[in-house]
Amino acid sequence: MFLENAKHSGWIEVICGSMFSGKTEELIRRLKRANFANQRVQIFKPALDNRYSATDVVSHDSNTIQSLSVDSSQNVLLYATDVDVVGIDEVQFFDDGIVDVCMLLANNGVRVICAGLDMDYLGNPFGPVPALMARAEHVTKVHAICVKCGQPAQHSHRLPIVQGEDKDKQVLIGEHDKYEPLCRHCFNIALEQEQVTKK
Ligand code: ZN
């Protein structure tokens, strides 16, 4: 599907899904293939995502690849020079300008691969990801497994144990202890139960 040796043809790929769905693993897999094809690859992630490492894109199976942390979408443009492929991890945390940056890169012949959450913990579309999905040539939605019923999961449900000032953040960094992957059915049940508890 994705030809590593396609010259002079920029495009945008989006890999999205819930937490624990293997987005970063899929991003790394594609970037490694580009590397094997001797393409110049540059990887970015938002500076606020500093769990594990400041310079590596790290997935949960410790598959790592060097990356650059940047604090704005304009800096992606600034550092994405002389590259064939740009990878962007945790793209949901970038400002809305990331959409134009990806468009510009793709229009100039760069293959842009973005990975990120498509929905926040309430099930709302997350940041610039919906707009990126609309403009991308290829969208891959990956799924985790629902911890309640074993079906494919698309929701990152925040566990009710999250309290205090963390409660209002759209999605918290750091994972296993704060979120669980749920399918549509189990997510709706969980939200209903939380509403009941609040009353
Ligand atoms: Zn379920």
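Residues numbered from 1 in each chain as written. Predicted model: local features only at pLDDT ≥ 70, side-chain atom pairs only at ≥ 80, totals over all residues. Heavy atoms only, no water.

### Structural notes on the overall build of the protein
(1) Moving on: From N to C terminus, the protein includes five helices and 12 strands.
(2) Moving on: Across the protein, the fraction of contacts at a sequence separation of at least 24, relative to all contacts at a separation of at least 6, is 71%.
(3) Moving on: For the protein, the exposed area adds up to about 10200 Å²; of that, 50% sits on carbon and sulfur atoms. (Helix = DSSP H or I, 4+ residues; strand = E, 2+ residues; numbered from the N terminus. Contact = heavy atoms within 4.5 Å. Areas by Shrake-Rupley, 256 points an atom, 1.4 Å probe, with all protein chains shown as cover.)

### Side note on the pattern of salt bridges
(1) Moving on: Tallying each qualifying case throughout the model produces six salt bridges.
(2) Moving on: A salt bridge links glutamate 13 to arginine 111; the nearest nitrogen and oxygen atoms lie 2.6 Å apart. With glutamate 13 in strand β1 (residues 11–17) and arginine 111 in strand β7 (residues 111–117), this residue pair connects regions lying 98 residues apart in the sequence. One exposure class covers both glutamate 13 and arginine 111, and it is buried.
(3) Moving on: Residue arginine 30 is joined to glutamate 26 by a salt bridge in which the shortest nitrogen-to-oxygen separation is 2.7 Å. With a gap of four residues between them, arginine 30 and glutamate 26 both fall in helix α1 (residues 23–36), about one helical turn apart. Each member of the pair, arginine 30 together with glutamate 26, is buried.
(4) Moving on: The structure contains a network of salt bridges with shared partners spanning Glu13, Glu26, Arg29, Arg30 and Arg111. (Salt bridge = Lys/Arg side-chain N within 4 Å of Asp/Glu carboxyl O. Buried < 20%, exposed > 50% of the residue type's maximum accessible area, 1.4 Å probe, protein only.)

### Comments concerning helix α3 (residues 97–107)
A turn of α-helix holds 3.6 residues, and therefore any two residues three or four places apart point the same way.
(1) Moving on: Those residues of α3 lying buried are Ile98, Val99, Val101, Cys102, Leu105 and Ala106. Projection of α3 onto a plane perpendicular to its axis shows the buried side chains occupying an angular sector of 165 degrees, all on one side. Exposed residues pointing more than 90 degrees away from the buried face of α3 are listed as Asp100 and Asn107.
(2) Moving on: In the core, the buried residues of α3 are packed alongside β1, α2 (73–79), β6 (85–88), β7 and α4 (129–135).
(3) Moving on: One or two positions beyond α3, positive phi appears at glycine 109, with a value near 95 degrees. (Arc of directions from axis to C-beta.)

### Quick notes on the packing of aromatic side chains
(1) Moving on: Counting across every chain of the model gives one aromatic pair.
(2) Moving on: If you follow arginine 158 out to its NZ or CZ, it ends over the ring of tyrosine 121, 3.6 Å from the centre. (Phe/Tyr/Trp six-rings, centres within 6.5 Å; stacked < 30°, edge-to-face > 60°. Lys NZ or Arg CZ within 6 Å of the ring centre and 35° of its normal.)

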